[in-house]
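As a plain string of letters, each chain reads:
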Protein chains: 2
Amino acid sequence: MRRLLLISNSTLHGGVYLDHCKDQIKNFLTGKVKTVLFVPYALQDRDGYADMAKKAFNEMGYELESIHKQESPPEAVRNAEAIFVGGGNTFRLLKTLYDEKVVEEIRKRVLQDGVPYIGSSAGTNVATASINTTNDMPIVNPPTFKALGLVSFNINPHYLDPDPNSKHMGETREARIKQFHEYDDSPPVLGLREGCMLLVEDNKATLHGRTDARLFERNKEPKEFSPGADLSFLLS
Amino acid sequence: MRRLLLISNSTLHGGVYLDHCKDQIKNFLTGKVKTVLFVPYALQDRDGYADMAKKAFNEMGYELESIHKQESPPEAVRNAEAIFVGGGNTFRLLKTLYDEKVVEEIRKRVLQDGVPYIGSSAGTNVATASINTTNDMPIVNPPTFKALGLVSFNINPHYLDPDPNSKHMGETREARIKQFHEYDDSPPVLGLREGCMLLVEDNKATLHGRTDARLFERNKEPKEFSPGADLSFLLS
Ligand SMILES: [Ca+2]
Ligand SMILES: [Ca+2]
């Protein structure tokens, strides 16, 4: 029984870390989970990051241990009751997951053993088919852009609508995703605006949170979905 | 004698393609150059892109041939009098330069034979040490992020100051570049705001255009430079 909570962003503007999704996290981590294994690899300051995550999870009623303080990261994954992968730089995160040899371990735990997986931002990107639709700067080069593959489509976290007042000539987010879809066999991309998240429970996917999501598919018009929407068709 | 004109962006808001840099391009391409070799690999629609570039260069008084219509791209580079690499997606551009086996050819022509190189946006990114500081989405994976290395530092084109009114929680451009500089041996990054460009003539580098540039170096405070500034120290 695959269980994923894929969050667009960890902090809303003016808000507190994980505050906008703490109800969903508590609902998601059912009574059995006592300790969450935290993966801080997306940021350089792992100690500081783990302290912040620990505080937020303690307040929700869970213990939190960071993988970077464990002797063997793969062993830590094998023993995890639940996994939370935090945001930061997606390239650094994916490279470190490969370097630490936990990609296959996380896949197995989540897909075979049903260990709940929470991802935020970069942690959501790496849960999908690939990191081809991250917004991050490629500051390091992972061995491949192929990610954990816990779902077969891609997500664009922090999805941003075009700003009609902008004079900046960089591509809009939609234009970037459309360039991805110029390639054959490119999977759907779910654009999660800040404030929304996707709950996956086995073959059921539902949009949660307070903002809408925008779905992009190759050779199709984008579609909008509101919280509560059933997106299970993406899982087939 | 190395000669490079590295432009932040090809079109200013509300403007015409290459209009804001056409004086610099004409000054840069001295009397000897009749035909410019265009590299349209950063966009999918190469024919349309070449038509647009041809129109702009014809109006400046130059012929333009696109590399994608030549039988042998490396041979086309070997015969080029000047090279213009257009913008689009940096990952697609660099991957195609490697696929078409023109990376070493362009390096040789520019660094050994003194063939003038004009880059815009992605075409500027690939001229530098690496594409680690592109803004683009990693829609395809080049064999390496190492680029043409026509200069030993990095550039961030379309450099963007933080928007004080934004409620979006994605990293600012400056925060992204600072993450790059968390790594040892990461080279300087010159943030070229839209409207400015860097002219390199052998060991002399000068800022041109109408906007300022912001220089980021590992473990240093960022510095601002205005058009006319001598940035030759970056070349040593
Ligand atoms: Ca990020
Ligand atoms: Ca671009």
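Provided above is the structure to which this section pertains.
Predicted, not measured: the structure shown is a model, and the values here were computed from it.

Analysis parameters
Residues numbered from 1 in each chain as written. Chains lettered and ligands numbered in written order. Predicted model: local features only at pLDDT ≥ 70, side-chain atom pairs only at ≥ 80, totals over all residues. Heavy atoms only, no water. Disulfide = S-S within 2.5 Å. Buried < 20%, exposed > 50% of the residue type's maximum accessible area, 1.4 Å probe, protein only. Donors = N, O, S within 2.8 Å, 3.2 Å for Na, K, Ca; no water. Helix = DSSP H or I, 4+ residues; strand = E, 2+ residues; numbered from the N terminus. Pairing = 2+ DSSP bridges. Axes fitted to C-alpha atoms, helices over the stretch in contact; angles between N-to-C directions. Contact = heavy atoms within 4.5 Å. Right-handed = clockwise from strand over helix to strand, strands pointing away. Least-squares fit on C-alpha atoms with pLDDT ≥ 70 in both. Polar contact = N/O pair within 3.5 Å; in protein donor to acceptor, adjacent residues only side chain to side chain. Buried area = accessible area lost by both parts, 1.4 Å probe. Salt bridge = Lys/Arg side-chain N within 4 Å of Asp/Glu carboxyl O. Nonpolar A, V, L, I, M, F, W, Y, C, P; charged D, E, K, R; others polar.

Moving on, we come to the state of the cysteines. All names here are of chain A. If you walk through the whole model with that rule in mind, you get zero disulfides over all chains. Summary of cysteine pairing: Cys21 is not part of a disulfide, and the nearest cysteine sulfur, belonging to Cys196, is at 11 Å. For Cys21, a relative accessible area of 0% corresponds to the buried category.

Looking now at the coordination of the calcium ion (ligand 2). Taken together, A:Glu171 (OE), A:Glu171 (OE), B:Gly88 (O), B:Asp136 (OD) and B:Asp136 (OD) make up the protein donors of the calcium ion (ligand 2), found 2.4 to 3.1 Å from the metal. Here A:Glu171 is found in the loop between β6 (154–159) and α7 (173–180), whereas its partner B:Asp136 is found in the loop between α6 (122–125) and β6 (154–159) on a different chain. According to the relative accessible area criterion, A:Glu171 is partly exposed, its value standing at 26%.

On to the sheet that holds strand β10 (residues 213–216) of chain B. Across a sheet, strands are paired by hydrogen bonds formed along the backbone, either parallel or antiparallel in direction. Residues and elements named next belong to chain B. Within the open sheet, the four strands sit side by side as β6-β7-β10-β11. Their pairing is mixed. Across the chains shown, the open sheet's two edge strands, defined by having one partner strand only, are β6 and β11 (223–225). Each strand of the sheet is rotated relative to its neighbour by a mean of 25 degrees, with strand direction disregarded. Relative to β10, strand β7 (residues 189–193) runs antiparallel, the two sharing four bridges. Bridge pairing in β10 places Leu192 opposite Ala213. Contacts from helix α7 (residues 173–180) reach β6, β7 and β10, with the element oriented near 170 degrees to β6.

The subject of this paragraph is the sheet that holds strand β5 (residues 117–120) of chain A. Residue and element names in this part refer to chain A. Strand order across the open sheet formed by seven strands is β3-β2-β4-β5-β1-β8-β9, with mixed pairing between neighbours. Across the chains shown, the open sheet's two edge strands, defined by having one partner strand only, are β3 (63–66) and β9 (204–209). Neighbour-to-neighbour, the strand axes of this sheet turn through a mean angle of 20 degrees, independent of strand direction. Sheet topology note: the strand β2 (residues 35–39)/β3 ladder contains four bridges and is parallel. Across the sheet, residue Thr35 finds its bridge partner in β3, namely Glu63.

Time to look at the coordination of the calcium ion (ligand 1). In an ideal octahedron of six donors the angles at the metal are 90 or 180 degrees, and in an ideal tetrahedron of four donors they are 109.5 degrees. Those protein atoms acting as donors to the calcium ion (ligand 1) are A:Gly88 (O), A:Asp136 (OD), A:Asp136 (OD), B:Glu171 (OE) and B:Glu171 (OE), and they sit at 2.3 to 3.1 Å. When its relative accessible area of 8% is taken as the criterion, A:Asp136 is described as buried.

All names here are of chain A. The phi dihedral of Leu18 falls on the positive side, at around 70 degrees, and the residue is not glycine. If you trace the backbone, Leu18 turns up in the loop between β1 (3–7) and α1 (22–28). Backbone geometry places Asn219, a non-glycine residue, at a positive phi of 65 degrees. Its location among the elements puts Asn219 in the loop between β10 (213–216) and β11 (223–225). Look at Asn219 and you get exposed, because its relative accessible area is 71%.

Residue and element names in this part refer to chain A. Burial within β2 is extensive, with four of its five residues counted as buried. With helix α2 (residues 46–60) bridging β2 and the parallel β3, this β-α-β connection has right-handed handedness. Sheet topology note: the β2/strand β4 (residues 83–85) ladder contains three bridges and is parallel. By the bridge assignment for β4, Val39 is matched with Val85.

In terms of residue burial, helix α4 (residues 90–99) of chain B counts as a mostly covered element, since seven of its ten residues are buried. Taken residue by residue, α4(B) has B:Thr90, B:Phe91, B:Arg92, B:Leu93, B:Leu94, B:Thr96 and B:Leu97 as its buried positions. Where α4(B) is buried, its residues meet α7 of chain A together with β2 (35–39), α2 (46–60), β4 (83–85), α5 (103–111) and α6 of chain B. Of the residues flanking the end of α4(B), it is B:Lys101, one or two places downstream, whose phi is positive at about 55 degrees.

This part is about the relation of the copies chain B and chain A. When chain B is brought onto chain A, the operation consists of a screw motion whose angular component is 180 degrees and whose axial shift is 0.0 Å, with 0.0 Å RMSD remaining. The two molecules are tied by a two-fold rotation axis, judged by turn and shift. Most of the interface of chain B is mirrored in chain A, where 100% of its interface residues are also at the interface.

Secondary-structure assignment places A:Asn135 in the loop between α6 (122–125) and β6. A polar atom in the side chain of A:Asn135 sits 2.7 Å from the side chain of A:Asn156. Apart from the residues lying within four places of it in its own chain, the contact partners of A:Asn135 are A:Asn156, A:Pro157, A:His158, A:Arg173, B:Met137 and B:Arg176.

Here we take up the interface of chain B and chain A. In this assembly, 39 residues from chain B lie in contact with 39 residues from chain A. Buried surface at the junction of chain B and chain A, both sides included, amounts to about 3500 Å², of which 55% is carbon and sulfur. Contact with chain A buries area across many residues of chain B, yet B:Met137, B:His168 and B:Met169 alone supply 19% of it, more than any other trio. Taken together, chain B and chain A are joined by four salt bridges. Put simply, A:Asp136 and B:Arg176 hold a salt bridge, and the shortest N to O gap is 3.7 Å. If you look at where chain B meets chain A, you find 16 residue pairs in polar contact (both at pLDDT 80 or more). Each residue belonging to the side of chain B that touches chain A can be placed in one class, and the counts come to 14 nonpolar, 17 polar and eight charged.

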